[in-house]
Structures are given as C-alpha cells and as structure tokens.
Amino acid sequence: MFADEIFCEECGHRLAESPPAPPAEPAPAEPERVDATVVQSTPSARRRASARPCAGCGAATIDADGYCEACGLRQPAERDHVEIELPAPGGNGTSPVVAAGASDRGRRYSRNEDAIAIAAHSAGIAAVVSDGVGSSQRPDDASRAAADTGAAELVARLDAGDDPEDATRAAALAAAAAVAALSTSPAEAPSCTYVSAVTRGPAVTVGWVGDSRAYWLAADGSVDDPAAEGASLDAAEVSTGDMAELGPSRRLTDDDSWAAFMVAQGSLTEAEAEAHPNAHVITAWMGADAGQVNPHVATFRPSRPGTLLVCSDGLWNYFPAAGDIAALLAAGPDGAEAAAGGPDPGHDPAADPLAVARTLVRHALDAGGRDNITVAVIPLPPPAVPQSRVHPSIPQSTEQSR
C-alpha cells in the first residue's frame with residue numbers, strides 16, 4: 001500500500017486511511033535502448049542481457065534474476081519500458097505509422113506485468129493489451145501469453161476471412177487457453193485480464209475479459225454526456241453484429257468488476273458502487289482458476305475521424321472517463337489548452353501515434369504510476385499511403401525496449 005493509493009492492489013479494498021508516505025527511492029536506472037527488434041523475452045535474450053555490464057557499477061556479475069552480485073542493483077529489464085510502432089505496408093522505411101503503443105512498469109512495481117501486441121491483418125489492424133493479475137503466480141507470463149496468442153489468432157482468422165466478431169471471440173478463447181496452460185498445479189494459476197481491438201473496413205470490434213478497457217476518442221474533441229459515460233452498453237451493441245455509431249468520445253467496454261455488476265443490476269448507483277470496498281474486485285479473468293471464460297464482444301461504426309485507444313487500468317485508474325483522456329490529448333506539452341482561435345497545441349494521434357502513447361504513459365506516471373501502464377493507439381482513418389508504395393506484405397510491429 002502507498003500513501004496515494006485508494007484501493008489495495010491485492011484484494012481491491014478501499015484503504016481506510018493512508019499510511020505514512022514511504023521514504024523516497026532513487027529513480028530506477030534508465031534501461032539501455034536495444035537496436036534489435038524485441039518481440040518477447042526469450043532465453044537467448046535473457047542471456048544477452050545478463051552478459052551486459054551492471055548499469056550502476058559496471059561489473060559483469062549479473063545473476064539469473066537480473067541483480068548485480070557486486071552492488072545489488074536490479075538491472076533494467078527489457079519489459080520495463082516497451083514501445084511499438086506499426087508502419088503501413090511498403091514504403092522503404094518511409095511509410096506512415098498506422099498504430100503504436102507503449103508499456104511501462106510504473107513507479108511502484110519491480111517488473112512490468114502488462115503486455116501489448118499490435119499487428120496488421122489483410123484489411124486493418126489488431127491490438128491486444130493484457131494486464132497480469134498481481135495476486136496470481138507469474139502474472140507477467142500470463143499477460144505475455146494472452147497478448148501474443150490473441151494477436152496471432154486475430155490476424156490468422158481475419159486473414160482467413162472470418163467475421164471480426166467471430167475472430168475476436170475465438171482469439172480471446174485461444175488466449176484464455178494459453179494462459180490456463182501455464183498452470184503447473186491447482187495451486188498455481190497465472191492469470192490476467194484481456195482487451196482486444198480490431199479495425200476492418202468501416203467498423204471496429206472490441207473484445208474483453210476483465211477490466212482492461214477500450215475507448216473511442218473523437219478527433220473533433222467532442223465527448224458524450226458524462227452521465228452516460230459509465231452506462232452499460234446497449235444489448236444491440238454487443239455480440240449481435242449491429243454496429244452502433246461512434247460519434248463523440250466514449251468508453252467502449254464494460255468492466256468485469258464488482259462495481260460494474262452492482263450498477264448493471266440496479267442494486268447501487270455508480271457513486272455508491274465506487275465507494276464500496278469491493279469496487280475494483282474483478283469478476284472475470286483468464287487463468288486456470290477462471291472457470292468458463294465468456295468474452296464480451298462489441299462492434300461499432302465510427303461516423304467521424306478519431307482514435308481507438310486500448311489500455312490497462314494503470315492509465316484509466318487515473319483518467320477513467322473518455323473526456324479525461326481526450327483532455328490530456330487536447331493539452332499541449334506544458335498542459336495548456338489551445339487558445340480560442342489560436343493554433344491547437346494538442347497531440348494528434350494521426351500524425352504521431354507513438355507520441356500520443358508516450359504522452360498518456362507519462363501522464364499516468366506523473367499522477368503516481370502506482371501500477372503498470374500500457375496503451376495502444378490506432379488512428380481512424382489510418383494515415384493515407386500513396387498507391388505507388390502499397391505492398392502486399394503484412395508488416396509486423398517494431399517493439400523496442402528502452
């Protein structure tokens with residue numbers, strides 16, 4: 001527990017009163033930028049990392065757990081900070097970036113238990129964000145398995161011509177099976193939450209299990225009525241193929257949480273549910289102990305340009321409403337809003353998706369960074385690619401640790 005926390009990360013209970021603030025810790029060493037593309041941690045990658053000298057004292061005595069045997073400093077891990085850019089097909093390295101993401105371990109955790117995967121399919125983009133459940137064993141392995149499996153399954157099924165909702169549901173179930181397979185005994189069940197987003201033609205499809213979220217951020221800055229922000233999705237919007245129109249900024253997913261359940265049942269108002277000690281306890285997840293996994297799926301049709309945002313609760317715990325996130329992007333680097341009639345100092349996702357992902361991660365860190373933070377950014381429509389540069393190959397995400 002920490003002085004700026006409202007809820008316990010282990011059980012979800014609201015803290016009755018804040019304990020004294022812990023003494024300030026020195027900032028972790030900035031991880032070394034690796035030029036090679038890194039998709040996930042592999043034994044060979046870990047061996048290369050252990051061969052590098054200590055970031056603190058320079059000694060070549062890094063143990064298998066990533067600590068220097070000479071000075072005791074924990075070495076930067078490749079997942080401490082990850083950035084992804086997905087270029088449009090073709091272009092000799094000059095193609096515009098059509099999606100990007102960033103993931104950071106935050107200020108409180110010793111490792112990053114979130115995972116992100118972004119890939120192109122034949123008619124659009126697929127993104128998956130997974131958040132390891134901290135009270136389970138090996139949550140970082142769970143999130144990595146879910147993100148990688150979900151993204152690969154989405155691309156394979158969409159390229160085979162599957163309907164986006166069918167592909168989204170099948171990919172979530174494949175991810176759940178991959179996470180469940182990590183369990184080595186009934187007492188050990190690595191687990192995670194999961195959210196995916198797919199663009200295809202004029203529609204976007206999202207799928208989720210747990211409390212990781214997807215948002216629509218309208219390019220014109222408009223926001224849905226705040227009173228409707230936390231309302232449950234209409235039945236016609238979920239798993240029917242009917243495409244609800246996306247206009248102003250709004251949240252696209254409902255949390256699988258105790259608070260969301262009580263509000264949906266009409267037992268409590270949103271304010272009452274959020275004030276309850278069980279508010280942030282999740283009611284669905286992926287893992288061997290999760291029981292039957294039933295992914296939620298919803299399809300929407302954007303009516304105007306905007307951005308599809310997929311994130312873990314490391315971001316939305318600080319900025320829960322779509323309007324909160326939209327306001328961050330409308331502000332300039334110094335936090336100032338655009339002056340009336342003056343130039344817009346805000347961040348344009350279509351111009352630089354990675355800058356937007358970095359900005360949102362930085363805001364979450366500045367707000368406290370008490371959890372891992374992961375964000376995927378997909379501008380819609382995607383930046384135009386000159387026909388002379390279009391190539392039939394499918395690009396893969398460029399993921400670099402920093």
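Residues numbered from 1 in each chain as written. Predicted model: local features only at pLDDT ≥ 70, side-chain atom pairs only at ≥ 80, totals over all residues. Heavy atoms only, no water.

Per an unreviewed UniProt entry, the recorded name for the chain is Serine/threonine protein phosphatase, and the organism is Actinomadura syzygii.

Attention now moves to the nonpolar core. Ile 118, Val 206, Leu 252 and Phe 300 are the most contacted members of the largest nonpolar core, which has 30 residues in total. Counting residues in each nonpolar core, the second largest holds 25 residues, with Ala 147, Ala 151, Ala 171 and Ala 175 among its members. (Core = buried A, V, L, I, M, F, W, Y, C linked by side-chain atoms within 4.5 Å. Buried < 20%, exposed > 50% of the residue type's maximum accessible area, 1.4 Å probe, protein only.)

Strand order in the open sheet formed by six strands is β3-β4-β5-β6-β10-β8, and the pairing between neighbours is mixed. Taken across any chain shown, the strands that pair with only one partner, and hence form the sheet edges, are β3 (114-121) and β8 (244-246). Looking at each pair of strands side by side, their axes are set apart by 20° on average, direction ignored. Relative to strand β10 (residues 296-302), β8 runs parallel, the two being bridged by three bridges. Paired with Glu 245 across the strands is Arg 301, a residue of β10. On top of the sheet, helix α3 (residues 164-180) reaches β5 (192-200), β6 (203-209) and β10; it is set at about 155° to β5, its chief contact. (Pairing = 2+ DSSP bridges. Helix = DSSP H or I, 4+ residues; strand = E, 2+ residues; numbered from the N terminus. Axes fitted to C-alpha atoms, helices over the stretch in contact; angles between N-to-C directions. Contact = heavy atoms within 4.5 Å.)

Turning our eyes to something else, we now look at the packing of aromatic side chains. Summed over the entire model, instances satisfying the criterion amount to one aromatic pair. When the ring of Tyr 318 is compared with that of Phe 319, the centres are 6.4 Å apart and the planes differ by 55°; the resulting orientation is tilted. Across from the ring centre of Trp 316, 3.5 Å away, lies the NZ or CZ of Arg 213, which sits over that ring. (Phe/Tyr/Trp six-rings, centres within 6.5 Å; stacked < 30°, edge-to-face > 60°. Lys NZ or Arg CZ within 6 Å of the ring centre and 35° of its normal.)

A few words now on the side chain of Glu 83. Counting through the fold element by element, Glu 83 comes out in strand β1 (residues 81-87). Judged by relative accessible area, Glu 83 falls into the buried class, the value being 5%. A distance of 3.0 Å separates the side chain of Glu 83 from the side chain of His 81, its partner in a polar contact. Within the structure, the side chain of Glu 83 is placed 2.8 Å from the side chain of Arg 358, a separation counted as a polar contact. (Polar contact = N/O pair within 3.5 Å; in protein donor to acceptor, adjacent residues only side chain to side chain.)

This part covers the pairing of strand β4 (residues 124-132). On a regular strand, each side chain points to the face opposite its neighbour's, so the side chains alternate between the two faces of the sheet. Most of β4 sits out of view: nine of its nine residues are buried. Bridge count for β3 against β4 is eight bridges, and the pairing is antiparallel. Within β4, the position partnered with Ile 116 by the bridge is Val 129. Linking β3 back to β4 in an antiparallel pair, the connection comprises two residues. As paired elements, β4 and β5 share seven bridges and run antiparallel to each other. Paired with Gly 132 across the strands is Cys 192, a residue of β5.

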